[in-house]
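# Structural features, examined
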Amino acid sequence: MLRQVLLLSLLLSVAIRQSLSMYPFQNISLPFDQRVADLVKRLSLQEKVAQMSHGGANKNGPAPAIKELGIRPYQWGTECLRGIVGAGTATSFPQALGLAASFNPDVIYNVAKATSIEVRAYNNHYVKNSDYGFHHGLSCWSPVINIVRDPRWGRNQETYGEDPYLSGVMADRYVRGLQGGNDRYFRAIAGCKHFDAYAGPENIPTSRFSFNAVVDIRDLQYTFYPAFEACVKAGTFSIMCSYNAVNGVPSCCNKHLLATELRESWKFEGYVVSDQGALGYISLFHHYTHDWIHSAVAAATAGCDLEDGNLEDNVFATLQKAVQQKLVNESVIDTAVSCLFMARMKLGEFDPDNMNPYKTLGMDSVCSGEHKQLAVEVAVQTFVLLKNENDVLPLKRSDKVAVVGPFGNDMDLLAGDYPVVACDSTARSPYDGIRNMSDGSVTFNRGCDSPSCPNINGNDDIRRDVSAADVAIVCIGLSSKLESEGHDRSDISLPSGQLQLLQLVASLKKPVVVVVFTAGPLDLSWAKDNVATILQAFYPSAPTGDALGRVLYGSVSPAGRLPVTWPASLDNYPSMTDYAMKGRTYRYPSDNIPILFPFGYGLSYTKFEYDSLVLAKSSISPCTMMRGQVTVKNVGNVVSDEVVQVYLNQTMNPDEPVPYLQLVNFTRVASIASSESSVVHFSIAARQMAMFKEEGYKPATWVVMPGKYNVFVGGQQPDQDTSAPSNVLHAIFTITGDPTKLDDCS
């Protein structure tokens, strides 16, 4: 400790001696805000505009150097959703929706931390070589925290699911894990996207580039805002605005979103970057303005600081002319550029390397043994067991296994969108993983050449191998070929060829395990009625085989939960373009939409029993946090994790348009042994009890209302037709007193 104090004193003394010969923005003894202010005032208007207009890929990046001040170029574009994309080989983690299925915030934190270590290591390497190419920077375009509200949306896989609270918790852990805990520096910068009400369509029935989401203020407040607010409270230093318009105003020039909500209400202090090309689409597709210069003015004055564009000279490049023509004040430009340089200041760019602990990260941090092991451990937690009739799983090592299906031995189909180039020798397919775990014979037949599966191949080989096996494992799904950014689905049907392949295997009367690789829900009604076992695997990427082998053979019990509702059909489902939440997700259910598998559902290889639900008080005043506890016991024979879920139902006024049910707490309890119990403590904050009130309140606001509240605690939602074999407990508490604004609670 003494050595560290002496070293810091030495650095400060050197800084003081050098301060007479340096610019103030280079003086490490000054606060960051003073240094940024000094830097910005030294820039010409042309230089400032160049910084704002070069935030994208290819010809649009990097932001140019300012040589006379010794400022290097900076690359603003890096994809880091579950591993760094495009920089080189890196640790490849499961796709985001699968990570959410773990219902384990520590999973998200650890993935984000490992990712940012590799992001920083690559950046250190590239900067030393004066390489500022795409994906070589420290500003991540992640996480994606949009809400899954339609099973057909192509980007469901990138999100944390349909629940705002779950998404907000996961966003919080991602931001903190990625940015690090250093008091002075960020390891990397998180960029929560896409703000806001961006949840389809991509291309069906219309283009995202021109789509206007008409959203009721209540749906914004209850569904679309909360995860972004959680992201801001976690300290994210970047937000990406979306392609779509919200209530007639394109998101990237929407003052209500970027100024009123983001900066005024939530106190966001970082920078806002456009989605790629979005500023050009303000005039081109939305027709909100008639040319680029007015689009630039609208976006900059609303609070967009940086353009992720497609060309060398984009929309923001017109801001110099806009200032000269007095369409915008130069102070708006100064504010934006100050945000950008504050980000770079907090990354340590303008301090000596020996002050920044993250500058020591080298390429040996990439694909480390620790990270590769973490990837497998994480993937194991993402699998959701949807059915396991007659305990077909776990398999016996002596079982003869027939692996069938296009996903059985094709790593490209298992990666999901924005795939990471996996570390050498770490990618394992289901076939690889099963062979590594099995002592019996293992065969493989692809059956289909692609996920669309126009024809079934090798029928005779399939019949022979399945007939000779003890169990068949059929690997089916979608892949990014059928669901991805820019590519919605028109329905939720399993491709007909894959269904025929499954039916062929099932007709041979052997136990069938269906392993599903998808993000968006699929209509698996036939499989649910006709096969023994269904395991939802999402897109586990490189560790697929190693993780799947452990789960199939019982080294680990599955304990994931669905982060999205799987409808049985879309016969009465709302249109993709209808942004009303009624009839969507478990929070706003409709009797006309049958559910195949509910949100929060998942089985394990054992059974749990809940007991002794206790609330701290039977009545509380507004603003008081409700605390409680419950006991969960493993009454089966296999050690397993269990996800304890707490739901809230408000009963005061059935006509009040509030969610029917809300997840308000959850805990993944690790490794509960047979006959062992665990006491789980939980809390419900006043914010989770509050209602958004318009009538009688100007402006509309969140209010904690007196009345009765139902609490349900168990391993699933209450009263589901498809349910796990565990009970759900119920308690009631009352809020007494007068209605109280949530703002007054603080």
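Residues numbered from 1 in each chain as written. Predicted model: local features only at pLDDT ≥ 70, side-chain atom pairs only at ≥ 80, totals over all residues. Heavy atoms only, no water.

## Overview of helix 13 (residues 330–346)
An ideal rise of 1.5 Å per residue puts 24 Å on 17 residues; helix 13 measures up with 24 Å between its terminal C-alpha atoms. Those residues of helix 13 not exposed but buried are Ile333, Ala336, Val337, Cys339, Leu340, Phe341, Met342, Ala343, Arg344 and Met345. Here the buried face of helix 13 lies against helix 2 (32–41), helix 3 (45–52), helix 9 (255–265), strand 6 (271–274) and helix 12 (319–324). With a side-chain oxygen lying 2.8 Å from the backbone nitrogen of Ser331, the N-terminal cap of helix 13 falls on Asn329. In the segment just after helix 13, Gly348 is the residue with positive phi, at about 90°. (Helix = DSSP H or I, 4+ residues; strand = E, 2+ residues; numbered from the N terminus. Expected span 1.5 Å × (residues − 1). Buried < 20%, exposed > 50% of the residue type's maximum accessible area, 1.4 Å probe, protein only. Contact = heavy atoms within 4.5 Å. Polar contact = N/O pair within 3.5 Å; in protein donor to acceptor, adjacent residues only side chain to side chain.)

## Some details on the pattern of salt bridges
With the rule as written, the count across this model stands at 25 salt bridges. Linking Asp351 and Arg35 is a salt bridge whose minimum nitrogen-to-oxygen distance equals 2.8 Å. Placement of the pair is Asp351 in the loop between helix 13 and helix 14 (369–382) and Arg35 in helix 2, with a sequence separation of 316 residues. On the accessibility criterion, Asp351 (5% relative accessible area) is buried. Take Arg35: its relative accessible area is 0%, and that puts it in the buried class. The partner of Arg263 in a salt bridge is Asp305, with the nearest N and O atoms 2.8 Å apart. Taken together, the positions of Arg263 in helix 9 and Asp305 in the loop between helix 11 (292–302) and helix 12 put the pair 42 residues apart, joining distant regions of the chain. When its relative accessible area of 23% is taken as the criterion, Arg263 is described as partly exposed. Taking the relative accessible area as the measure of exposure, Asp305 reaches 4% and is therefore buried. Three or more residues joined by partner-sharing salt bridges are found here, namely Arg155, Glu158, Glu202, Arg208 and Glu485. (Salt bridge = Lys/Arg side-chain N within 4 Å of Asp/Glu carboxyl O.)

## Let's talk about unusual backbone geometry
The omega angle of the peptide bond from Phe195 to Asp196 is 0°, so this bond is cis rather than trans. Looking at the element boundaries, Asp196 is found in the loop between strand 1 (191–195) and strand 2 (212–213). A cis geometry characterises the amide bond from Lys698 onward to Pro699, with omega recorded as -5°. Relative to the assigned elements, Pro699 resides in the loop between strand 21 (691–693) and strand 22 (701–704). Positive phi, close to 55°, is recorded for Ser130, a residue that is not glycine. Residue position: Ser130 is located in the loop between helix 5 (105–128) and helix 6 (164–179). Under the relative-accessibility criterion, Ser130 is labelled exposed at 54%. The phi angle at Lys267 is positive, at roughly 65°, despite the residue not being glycine. The residue Lys267 is located in the loop between helix 9 and strand 6 in this model.

## Quick look at the sheet that holds strand 8 (residues 401–404)
Across a sheet, paired strands are connected by hydrogen bonds in the backbone, their directions being either parallel or antiparallel. Spatial strand order, 7-12-11-10-8-9: six strands in an open sheet with mixed pairing. Across the chains shown, the open sheet's two edge strands, defined by having one partner strand only, are strand 7 (384–388) and strand 9 (442–445). Averaged over all pairs of adjacent strands, the angle between their axes in this sheet comes to 15°, without regard to strand direction. When strand 8 meets strand 9, the two strands line up parallel, connected through four bridges. Across the sheet, the residue bridging to Val403 is Phe444, located in strand 9. (Pairing = 2+ DSSP bridges. Axes fitted to C-alpha atoms, helices over the stretch in contact; angles between N-to-C directions.)

## Things to note about the sheet that holds strand 2
Strand order in this open sheet of three strands is 2-4-5, and the pairing throughout is mixed. Only two strands of the sheet have a single neighbouring strand rather than two, namely strand 2 and strand 5 (249–250). Pairing of strand 2 with strand 4 (residues 245–246), which is carried by two bridges, proceeds in the parallel orientation. Residue pairing in the sheet places Ala213 in a bridge with Val246 of strand 4.

## Notes on the pairing of strand 6
The side-chain alternation of strand 6 yields two buried faces, one formed by Tyr271 and Val273 and the other by Val272 and Ser274. Direction of pairing for strand 3 (residues 238–241) relative to strand 6: parallel, over a ladder of four bridges. For Ile239, the partnering residue across the bridge sits in strand 6 and is Val272.

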